[in-house]
Structure formats: C-alpha cells, structure tokens
Amino acid sequence: MALLDVRNVTMKFGELVANDRVSFTVESGSIVGLIGPNGAGKTTLFNCVTGFLKPTGGAIIFDGADITGYTSYQIARLGAVRTFQVVRPLEEMTVFDNVLVGAFLKTSDNREAFARAADCIRLCSLESFQEKPAGELSIGGKKRLELARALATQPKLLMLDEVMAGLTSTEVRVSVEVILRLRESGITLMIVEHVMEGIMPIADKIVVLDGGVKIAEDAPGKVINDDSVIEAYLGAKYAQRFKAQKEDGARG
Amino acid sequence: MKPMQRKALKKKDALWLGFVALLTLLPLAPAVAANSFHMHVVILILLFASMAQAWNIIGGYCGQVSFGHSVFFGIGAYGAGMAVVTYGGMPWPGILVGVILAAAVAVVISYPCFKLSGHYFAIATFAIVEIFNRSFLVWDWIGGALGLDYPLVKEGLMNLMWYNTKTGYYYCALILFLTIFGTVRWLEGHRFGYYMRAVREGQETAESLGVNSTAVKLAALTALCGAFFAQYNLRVDTPMVVSLDMSMKFVLITVLGGAGTLVGPLLGAAVLIPLQEYTQAFWGGLGGGVDLIIFGLLIILMVVKQPGGMIGIFHAVQKGILKRKNAAKGESADGAP
C-alpha cells in the first residue's frame, strides 16, 4: 500500500484554483519528485499535504489514516515532516538546539534527544557550526539545517521543498548523496525540486504539475519525453519546433 | 564539546548554590536584620523577581508579550485576602483557590487572545487588564473600591502573617523565589523549554516539527503567583494588584534584566525595586514618580543600545574580553560561519 495517497486534492484561493483535482501516490521506500514550472502549484500542494493549508476538496491518506484537515503538528507527529523552501531557522537558537527541537518529537528524554540530534548534525555535516546561532549560517548551511531538523524527528515520510535551489553543483552532488543515504535508512521521500540534475537521477517517479493540474506521473526517463511536459516547460510553439527537429533528426 | 558543556553547567550551578546559601543566611547579618527597611527592600526584590520570572516564561521564553499578568496576580491576592478578611480563616485555602481560579481564567482568556499574534496579542492583553480592573472596582462581594483590610490575627506560619520582624516574610519570599526560579531553571534544559523557544523563534517552523504551539503557550501562561503580596501588605485593593501599572512592572523588570534568560528578572528587580523604594523614602517630597522617570530612561537606553538587557551587556563584555584574549594569542575569535 502507498505510504501517501493524494486523492483529487483541490485548493482554491477565492476564485483562483491553485490545485485542481490532483491525485498521485508515494510508495513506501521510494523517492518521488514533484516538478513543474513556476506557479504550477507545487508548494500549495505541499502545504495541503503538510497541514499548513486545508484543501478545499479531496482527501489525503497517510499511512492508512485520512489526514485531510489535520493541523501541521498533528501530521508531523504521525511521521510526515517537511522542510521549507524559504529557510526558516530558529535564528537565536544554536544550530544544535534547532535540531534538538526536532529530536524531542519522539522522546522527552534528554540523553536520547541529544544523541539523536548529534547524529543528524553529523549526517548533514554541520558539526563545526553546532554551537553557532542558526541565523549566522550560510544559505547552504541553513538548507542542511532544515534537513537535519526534519530528520531528527525520525519521520516516515520526509518532504523536501527545494532543498537544492541556489546551491552550487558540488553542493547539489552532496545533497544527492545525503538523500540517497536517507532512502537506504528506510525513509520515504517526496521532493519538490527545480534542479533537474539533482532530482532526475535519484527519483523513482516524477509527478509533473502545470497550472494546478497534474499532467504526468511516470518514471523520470519517460517524463522527460512526454509531450505535455515539454510543452509546459518550453511553451507550445517551441515544443512543436523541438518535436519537428527531433523527427527531422530521426529521419536524417 | 559535550563534556565541556557539562562542566560549564556545573560551575554555573555551584554559583547558584552559593547565591542561594547567601540568601538563606542573609537575615542573620546584623546590618540587614536590624534595619527593617533594608529587609523590606530585599523582600520586595525577591517577590518582584519571582513575579517577573513568572511573566518571563510566557513573555521572554515563549515570546508572547502579555500585559495581562496582573490579572492572575490579582486573583491570587484576592483569593488569600478573601479567605482572611471575608471568611475569617487561614489564607492557605484562599491561596489554593486563587491559583486554580487564575489558571482557569488564563485558559479562558487565552482562547481569543492566542488567535492573535505579535503586537495584536499584546494589545488584547491590555484590554483584558482594564476589563478586570473595572469589574473588580465595582464588585462589592470582593470589597469593591475600598479593598480588603486585614484584621489583626495571631502571627505565624499558620496565618502567614508577622508583625514584629520581617524574617518570616523573608523566608516565604525566598521559598517562592526558589520555587519559580528552580522551575524555570529545570524547564530551560528540558523539552518544554526548547519548545517554548522554538515557538518564539518561529511558530510555523515549530509546528512543522510537531510542536503544538497553542498548548505550549497555554502551559507557559498559567505559571503564576500573587497571594504572597497581599499577605505582606496586609490589604488588597484593585489598583494595587490588578492594574496596568503592576503588569508593566513585571514586563519592564524582565526587559531591563534580559527577557528569556534565567537571571534577567532577578537583575531587573534588583535595580528597579531599590530604586523605587529608596527614592520614595528619600525624595518622596518631590511628588513621587521620580523612580519611574529614572526607570523609564533606563529602559529607553536599554532598548536602543542593548535589547538583550543587562544580561546582554554582560555577554557583550564577556565576548569582548574573549576576543581580546584570542587576539593576543594571535587567533581569530570565531571561525568563519
């Protein structure tokens, strides 16, 4: 059974339809990428799944339970934890204490939580900054902190909102390695991402949104050849030219 | 990193234990015990430090600036006052009822107030104080505008009242002080303390990590005290306990000392209370309020120059010394982030 099952989720802001009957599943142990052009409704969908928005219609099933309309902390306690696209460190607290807040979700015992936080700090290579206020980290560091903090809650499903955006290609490679390591440890991942070199090689499945509607859900190799996806990214005119070129190439 | 941290904590604890021992023995010092006015000032410092600390839990650690705390304080004071004056009994049951009632009121008023955040929350709590202030003033059952005057009763712990010396009050204040400071000290190092700071720094982030921010705020709000003040002054009236003045005092003491720190409320009280008591004693002829003028200036200076409060100044100086030491050794004070 799928760990996360999104069924016909619709989210309206007044007359604006940000998500229109979107359905997809995230299988346990897999990595699912959620992509689409700017304004496609990725983050809105993300906010619906994580309880920051209450969807106007549809249902969200997580781990066999209907979590539609749950608050964000309830969803986090069930084991679906997110990071934020715009990083939100708890600025005045140290890096270590930031991660500790996450670690306290599953235990109130100090020793256990401290050990858990230390592990996550190490996994995300933040050891040398752990005593600094989180506000002083570089942007790359803050992104890793988001990850470490979410990880410390020992989630079943980790939802990453553009953790690779704005990173150098070396940093992207490091993030990819970390994500693969997470999957090996048994965590299911759903990743919203713009950086294709980051998401394409590691995802088992890609879900493509455009204008609030799901236009494709398939393996990465198939999705990149999907006509509607190419059209969404390049526009109808260029998509046609691109297709014509490709056919030319095949003939000649 | 870890063992070093633990050692530093131990040193801090030793300092605290020494300080507590000093406080315990203080009434034995002849200079203090002989002059009941000095004793009075010390008692008020402990008392206001305790109340500021209770405010600090929600206002400092949790970041919800409330001007409504005198309401809880007042309910506690009226609880004790009514038990003695209206029912002619011991204050203890009244204190207990007062604490429970104050907690209940906190739960009720938190429901509309916690829907607001930031400045709007603060403004709403202003209104709450005014509502209670006006209602208490016209409520005959609790003494109305006249207030409650304590009758003469047998002194001692049973009635929580002393006339000849202030030593009894001193130890009561000390127990109150130790209870509240001890609680906050314990909270600081445990899950709830981290959750409070997380809510202050970013409510949405905290919620994304499974923190029920409303529950955290509510629990932080219901930490209170107040009964002792009535016992000490031997009377209760509305402007004295349920007023914006009183609420402001808790807030300003904490802000001056350093909000969100354990020692802050004590430092703030140690500055404001002597200032208030001695200026009233020596410059009372100037028409009163001299202390508030000086204190106002101090607060303005503090907010502009060092929003971290006296603790903030202390840390800045400490950092400066460390930096100079390291510079002398020829290494940079802090590595690149």
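Each value, and the rule that gives it
Residues numbered from 1 in each chain as written. Chains lettered and ligands numbered in written order. Predicted model: local features only at pLDDT ≥ 70, side-chain atom pairs only at ≥ 80, totals over all residues. Heavy atoms only, no water. Helix = DSSP H or I, 4+ residues; strand = E, 2+ residues; numbered from the N terminus. Buried < 20%, exposed > 50% of the residue type's maximum accessible area, 1.4 Å probe, protein only. Contact = heavy atoms within 4.5 Å. Areas by Shrake-Rupley, 256 points an atom, 1.4 Å probe, with all protein chains shown as cover. Buried area = accessible area lost by both parts, 1.4 Å probe. Salt bridge = Lys/Arg side-chain N within 4 Å of Asp/Glu carboxyl O. pLDDT = per-residue confidence, 0-100. Core = buried A, V, L, I, M, F, W, Y, C linked by side-chain atoms within 4.5 Å. Pairing = 2+ DSSP bridges. Disulfide = S-S within 2.5 Å. Expected span 1.5 Å × (residues − 1). Arc of directions from axis to C-beta. Axes fitted to C-alpha atoms, helices over the stretch in contact; angles between N-to-C directions.

Some points on the overall build of chain B
When you go through chain B residue by residue, the secondary structure sums to 16 helices and two strands. For chain B, with 337 residues in total, the buried portion stands at 47%. Here the contacts in chain B between residues at least 6 apart in sequence split such that 74% fall between residues at least 24 apart. Element-wise, carbon and sulfur atoms account for 70% of the exposed surface of chain B, whose accessible area totals about 16500 Å².

Quick word on the interface of chain A and chain B
On the chain B side, the residues contacting the 32 residues of chain A number 24 residues. Here chain A meets chain B over a buried area of about 2500 Å², counting both sides, of which 61% is carbon and sulfur. When residues of chain A are sorted by the area they lose upon contact with chain B, Y73, V101 and F104 of chain A head the list and together hold 21% of the total. Applying the counting criterion to the chain A and chain B interface returns one salt bridge.

Observations regarding the confidence of the model for chain B
Across chain B, pLDDT averages 77, with 81% of residues at or above 70. Throughout residues 331-337 of chain B the model reports pLDDT below 50, and contacts reaching past four residues in sequence, or to other chains, amount to eleven contacts.

Some thoughts on the pattern of salt bridges
Residues and elements named next belong to chain A. Applying the stated rule across the entire model yields twelve salt bridges over all chains. Close ionic contact of E146 with R149 constitutes a salt bridge, the shortest N to O distance being 3.1 Å. Separated by three residues within a single helix, E146 and R149 lie in helix 5 (residues 139-152), roughly one turn from each other. When the shortest N-O distance is used, the salt bridge between K214 and E217 registers 2.6 Å. The exposure class of E217 is partly exposed, given its relative accessible area of 26%. One salt-bridge network, held together by shared partners, links K205, K214 and E217.

Things to note about the nonpolar core
Counting 134 residues, the largest nonpolar core has V101 and L158 of chain A together with F48 and V71 of chain B as its most contacted members. No other element matches helix 3 (residues 36-61) of chain B, which puts 16 residues into this core. Formed by 26 residues, the second largest nonpolar core is a distinct cluster that contains V22, F24, M190 and V192 of chain A.

Focus on the pairing of strand 1 (residues 2-13) of chain A
All names here are of chain A. Taken together, the eight bridges between strand 1 and strand 2 (residues 16-27) define a ladder with antiparallel strand orientation. Paired with V9 across the strands is V22, a residue of strand 2. Linking strand 1 to strand 2, which pair antiparallel, is a turn of two residues; within it G14 sits at a positive phi near 65°.

Digging into the state of the cysteines
All names here are of chain A. As enumerated under the stated definition, the model contains zero disulfides over all chains in all. Unpaired in terms of disulfides, C124 finds its nearest cysteine sulfur in C120, a separation of 6.7 Å. On the accessibility criterion, C124 (1% relative accessible area) is buried.

What to know about helix 6 (residues 169-184) of chain A
All names here are of chain A. The end-to-end C-alpha distance of helix 6, which contains 16 residues, comes to 23 Å, matching closely the 22 Å that a straight helix rising 1.5 Å per residue would cover. Buried residues of helix 6: V172, S175, V176, V178, I179 and L182, and no others. Buried residues of helix 6, seen end-on, are gathered within an arc of 165° and therefore sit on one face of the element. Exposed and oriented more than 90 degrees from the buried face of helix 6 are R173 and E184. Where helix 6 is buried, its residues touch strand 3 (31-35), helix 4 (110-123), helix 5, strand 7 (157-161), strand 8 (188-192) and helix 7 (196-199). Note on helix 6: the residue one or two positions beyond its end, G186, has a positive phi of about 100°.

With respect to the sheet that holds strand 5 (residues 65-66) of chain A
Residue and element names in this part refer to chain A. Within the open sheet, the four strands sit side by side as 2-1-4-5. Their pairing is antiparallel. The open sheet has two edge strands with one neighbour each: strand 2 and strand 5. As defined by bridge partners, strand 1 adjoins strand 4 (residues 57-62) across five bridges and the pair is classed as antiparallel. Counted as the bridge partner of T10 is G57 from strand 4. Against the sheet, helix 1 (residues 42-49) touches strand 1, strand 2 and strand 4, its axis set at about 115° to strand 1.

Looking at the sheet that holds strand 7 of chain A
Residue and element names in this part refer to chain A. Pairing is mixed in the open sheet, where six strands are placed in the order 6-7-8-3-9-10. Strand pairing shows two members of the sheet lacking a second neighbour, strand 6 (80-82) and strand 10 (213-218), which therefore form its edges. Across this sheet, the average inter-strand angle for adjacent strands is 15°, counted without regard to direction. As paired elements, strand 3 and strand 8 share four bridges and run parallel to each other. Bridge pairing in strand 8 links G33 to I191. With respect to the sheet, helix 1 is in contact with strand 3, strand 6, strand 7, strand 8 and strand 9 (205-210), its orientation differing from that of strand 7 by roughly 150°. The strands that helix 9 (residues 227-234) touches are strand 3, strand 9 and strand 10; relative to strand 10, the one it contacts most, it runs at about 130°.

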